[in-house]
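# Secondary and tertiary structure notes
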Amino acid sequence: AMAARPKRCVVRRRDGPEQHGVGASCLRELRDKACGVLAIDKAREPITLVLAEDGTIVDDEDYFLCLPPNTKFVALAKDEKWSGKSLDSATSWLSGAVDEVDSATEKWKQLARQLRDDLSSIILMSEEDLQVLIDVPRSDLAQELAQSETKTQVLQDTLQQVLDRREEERQSRQLLELYLEALKTEDSVLSKVAEPQAAPRKEMDVVDTGTSSTGTPAKTALSDQILAALREKPAPELCLDSQDLELVLKEDRAALASALGWDKQRAGALQEACDHELSKRLQQVQTLHSLRSTSKGKKTLPWGDWPSSKRKK
């Protein structure tokens, strides 16, 4: 089997603004190169790699594989801890990054660069990101990708297919939930008819809202935007990107239930749905990487071989 294609990464120390670009095909190689370019003493190894954005520890090969190119890492030497405050102080390093500007124009350009580097990143994008690329004028997107407008149209059609597929999954999930709810209602009516003399209950069931034993609601680290999507969107796991799904899975179930105003059972079902969706996306990415690694003399997926958006009858 061919060796995995190196991924472009950016590494720096916790309190240092100096950053280095390295290429690594696995986490072990990235750790070794980070120690070298950052001059970390052997006595302070092994190092821990965390995402510069939020301090997420990266110690899983599959998760590393799914990170986009040019992901920024902070190398923590032995006994060092990640601190958001220390990252916030490095404003010069963050402000110089083109990928982190807030304008809508730069956002679609950033997403386009991700596709140019690795087409499998489509699978990991949120519905919002997919829609952004679909709405970009074809000529502008073609220029950014350095491709013809014909091939760019095929790409946008493919993005629309991915978006449509997620919507179909959401509608199917809603129909199934309505059907199950109708069955519960029917069973309840039949139960009341069969037992007309049953005495009403005097005690109400206590709903577990995920609060602690002291009565203080558990806190969650999820952003308001993620919580709003989880609370309001049908099948929210389909509209979140993979990084947000990972955050939901890491969240304590009691804290998640409290933040959403749900019981633990419902919060657990949500986390299971997020886990299933994330696993499915990771499997799709791994499949694409395997196909790409076995292609003869091709470093990237061929632009001309995208599947046509028109389904054959």
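Residues numbered from 1 in each chain as written. Predicted model: local features only at pLDDT ≥ 70, side-chain atom pairs only at ≥ 80, totals over all residues. Heavy atoms only, no water.

## Let's talk about the sheet that holds strand 1 (residues 7-13)
Taken in spatial order, the four strands line up as 2-1-4-3 in an open sheet, and their pairing is mixed. Every interior strand has two partners, whereas the edge strands, strand 2 (19-24) and strand 3 (48-51), have only one. Sheet twist, expressed as the average angle between the axes of neighbouring strands with direction ignored, equals 40°. Judged from the six bridges that link them, strand 1 and strand 2 form a sheet pairing that is antiparallel. Residue pairing across strands places Arg8 opposite Gly23, the latter belonging to strand 2. Here helix 1 (residues 27-37) sits on the sheet and contacts strand 1, strand 2, strand 3 and strand 4 (71-76); the angle it forms with strand 2, its principal contact strand, is near 145°. (Pairing = 2+ DSSP bridges. Helix = DSSP H or I, 4+ residues; strand = E, 2+ residues; numbered from the N terminus. Axes fitted to C-alpha atoms, helices over the stretch in contact; angles between N-to-C directions. Contact = heavy atoms within 4.5 Å.)

## Quick notes on the packing of aromatic side chains
For the structure on display, the rule yields one aromatic pair. Considering the side-chain rings of Phe64 and Phe73, the 6.4 Å spacing of their centres and the 45° angle between planes classify their relative orientation as tilted. The residue whose ring lies beneath Lys7 is Phe64, and the NZ or CZ to ring-centre distance is 5.6 Å. (Phe/Tyr/Trp six-rings, centres within 6.5 Å; stacked < 30°, edge-to-face > 60°. Lys NZ or Arg CZ within 6 Å of the ring centre and 35° of its normal.)

## Remarks on the packing of helix 7 (residues 138-145) against helix 8 (residues 149-194)
Closest axis-to-axis distance for the helix 7/helix 8 pair is 9 Å, and the angle between their directions is 105°. Between helix 7 and helix 8, the angle is such that the two are roughly perpendicular. The residues of helix 8 that touch helix 7, namely those facing Arg138, Ser139, Leu141, Ala142 and Leu145, are Glu149, Thr152, Gln153, Leu155 and Gln156. A class-by-class count of the residues in the contact of helix 7 with helix 8 yields four nonpolar, four polar and two charged. (Parallel < 35°, antiparallel > 145°, perpendicular 65-115°, else oblique. Nonpolar A, V, L, I, M, F, W, Y, C, P; charged D, E, K, R; others polar.)

## Some points on the pairing of strand 1
Of all seven residues in strand 1, five are buried; the element is thus mostly enclosed. Joining the antiparallel neighbours strand 1 and strand 2 is a turn of five residues. (Buried < 20%, exposed > 50% of the residue type's maximum accessible area, 1.4 Å probe, protein only.)

## Side note on the pattern of salt bridges
Going through the model one piece at a time under the given rule, you end up with 15 salt bridges. Residues Glu277 and Arg281 are paired through a salt bridge, measuring 2.9 Å at the closest nitrogen-oxygen approach. Note that Glu277 and Arg281 are positioned in helix 12 (residues 264-294) at a spacing of four residues, about one turn of the helix. In terms of burial, Glu277 and Arg281 fall into one category: buried. (Salt bridge = Lys/Arg side-chain N within 4 Å of Asp/Glu carboxyl O.)

## Details of the packing of helix 6 (residues 127-135) against helix 8
Remark: helix 6 packs on helix 8, axes separated minimally by 9 Å, with the N-to-C direction vectors making an angle of 145°. Two packed elements cross with a definite hand, and for helix 6 against helix 8 that hand is left-handed. Residue-level inspection shows Glu127, Leu130, Gln131, Leu133 and Ile134 of helix 6 in contact with helix 8, the latter providing Gln156, Leu159, Gln160, Val162, Leu163, Arg166 and Arg170. Partitioned by chemical class, the residues of the contact of helix 6 with helix 8 number six nonpolar, three polar and three charged. (Left-handed = near helix turned anticlockwise from the far one by under 90°.)

## Here's the deal with helix 6
Listed as buried for helix 6 are Glu127, Asp129, Leu130, Leu133 and Ile134. Along helix 6, the residues classed as buried sweep out an arc of 160° about the axis, all on the same side. (Arc of directions from axis to C-beta.)

## A few points about the confidence of the model for the protein
Of the residues in the protein, 77% reach a pLDDT of 70 or more, and the chain-wide mean stands at 78. Confidence over residues 202-207 falls short of pLDDT 50; this stretch has one contact with residues more than four positions distant or in other chains. (pLDDT = per-residue confidence, 0-100.)

## As for unusual backbone geometry
Residue Pro46 is bonded to the preceding Glu45 through a cis peptide linkage, with omega at 5°. Along the chain, Pro46 falls in the loop between helix 1 and strand 3. Look at Ala39: it is not a glycine, yet its phi comes out positive at around 55°. Note on placement: Ala39 falls in the loop between helix 1 and strand 3. Note on Ala39: relative accessible area 64%, which makes it exposed. The phi dihedral of Asn70 is positive, around 65°, even though this residue is not glycine.

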